[in-house]
Amino acid sequence: MTARLSPRLVRVVDALPLRPGLRVLEIGCGPGSAAREMATRVTPGGRVLGIDRSARAIDIAIAGSAELIGSGVLDFSCAAIEDFALSADEPPFDVAVAVRVGALDGRHPEIFHAALRRISAALTTDGRLWIDAPTGSDKAIVELCLSPR
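This one's a predicted model, so the numbers in the text were calculated from it and none came from an experiment.

Things to note about the layout of surface pockets
One simple way to see leftover space: roll a probe sized like a water molecule over the atoms.
And step 1. What the largest pocket holds in volume is close to 200 Å³.
And step 2. As for the largest pocket, its lining consists of 16 residues, of which Gly 28, Arg 53, Arg 100, Val 101 and Gly 102 are closest to the centre.
And step 3. Counted by class, the lining of the largest pocket contains 9 nonpolar, 3 polar and 4 charged residues.
And step 4. Every residue lining the second largest pocket is counted, 13 residues in all, and those nearest its centre are Leu 9, Glu 26, Gly 28, Cys 29 and Val 99.
And step 5. Class assignment for the residues of the lining of the second largest pocket results in 5 nonpolar, 5 polar and 3 charged.

Here you go:
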């Protein structure tokens with residue numbers, strides 16, 4: 001399935017510590033390409049939730065993901081990360097990943113701390129947050145350490 005991903009997203013997904021059974025939150029999922037690929041890597045037993053503030057992006061993601069959504073391994077929700085909260089029946093995530101998300105890459109510093117609080121609340125106590133590496137880095141992603149929860 002990686003043939004549908006850009007080379008940049010292939011590098012990001014390949015660099016993530018994904019394995020069957022993990023629960024993954026993709027922040028700023030756009031049309032869902034990376035979320036679909038991650039979903040194939042966390043089965044059996046895992047789940048991916050892609051969120052994006054754009055309703056249009058979520059509609060496109062859902063339209064291209066019927067089989068994975070139907071199998072229960074993938075879902076999408078329209079939400080801004082600074083407002084995101086787990087639903088009452090949603091267990092926390094093991095991994096969160098954000099690629100080109102303005103709240104985390106410096107484009108929107110006014111919501112940075114609110115976004116981190118929401119991400120921290122959505123992760124397990126040993127959950128990990130990965131963001132895309134700065135331009136010029138030889139890495140695809142870097143781990144952003146969160147304060148102990």
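Now, onward.
Considering the sheet that holds strand β6 (residues 141-144)
And step 1. In space, the 6 strands of this open sheet follow the order β3-β2-β1-β4-β5-β6, with mixed pairing throughout. Where the open sheet ends on each side, the last strands, each with one partner, are β3 (74-78) and β6. Put simply, the sheet's adjacent strands are angled 25° from each other on average, direction ignored.
And step 2. With 4 bridges joining them, strand β1 (residues 23-27) and strand β4 (residues 93-98) adopt parallel strand pairing. Considered in β4, the bridge of Glu 26 is made with Val 97.

Section: the UniProt feature "domain: Methyltransferase" (unreviewed entry) in the chain
And step 1. In this structure's numbering, the residues bearing the UniProt feature "domain: Methyltransferase" (unreviewed entry) are residues 20-135.
And step 2. As annotated, residues 20-135 has a helix share of 33% and a strand share of 28%, and its two end C-alpha atoms lie 30 Å apart.

Some points on helix α1 (residues 7-15)
An α-helical turn contains 3.6 residues, so a residue and the one three or four places further along point in the same direction.
And step 1. Burial in α1 covers these residues: Val 10, Val 12 and Val 13. Angularly, the buried residues of α1 cover 165° about the axis, an arc narrow enough to put them on a single face.
And step 2. On the buried face of α1, the contacting elements are α2 (33-41), β4 and β6.

Some words on the packing of α1 against α2
And step 1. Closest axis-to-axis distance for the α1/α2 pair is 10 Å, and the angle between their directions is 30°. Classified by the angle between their axes, α1 and α2 sit roughly parallel to one another. For α1 against α2, the interelement crossing comes out right-handed. Every residue of α2 that contacts α1 at Leu 9, Val 13 and Asp 14 is listed here: Ala 34, Glu 37, Met 38 and Arg 41.
And step 2. Looking at the contact of α1 with α2 residue by residue, the classes come out as 4 nonpolar, no polar and 3 charged.

Parameters and conventions
Residues numbered from 1 in each chain as written. Predicted model: local features only at pLDDT ≥ 70, side-chain atom pairs only at ≥ 80, totals over all residues. Heavy atoms only, no water. 1 Å grid on protein atoms, 1.4 Å probe; cavity = no way out; pocket = protein on both sides within 12 Å on 5 of 7 lines; lining within 4 Å. Points joined across faces, edges and corners; volume = space filled by probe spheres on them. Nonpolar A, V, L, I, M, F, W, Y, C, P; charged D, E, K, R; others polar. Pairing = 2+ DSSP bridges. Helix = DSSP H or I, 4+ residues; strand = E, 2+ residues; numbered from the N terminus. Axes fitted to C-alpha atoms, helices over the stretch in contact; angles between N-to-C directions. UniProt positions renumbered as here; feature names shortened; annotations may be inferred. Buried < 20%, exposed > 50% of the residue type's maximum accessible area, 1.4 Å probe, protein only. Arc of directions from axis to C-beta. Contact = heavy atoms within 4.5 Å. Parallel < 35°, antiparallel > 145°, perpendicular 65-115°, else oblique. Left-handed = near helix turned anticlockwise from the far one by under 90°.

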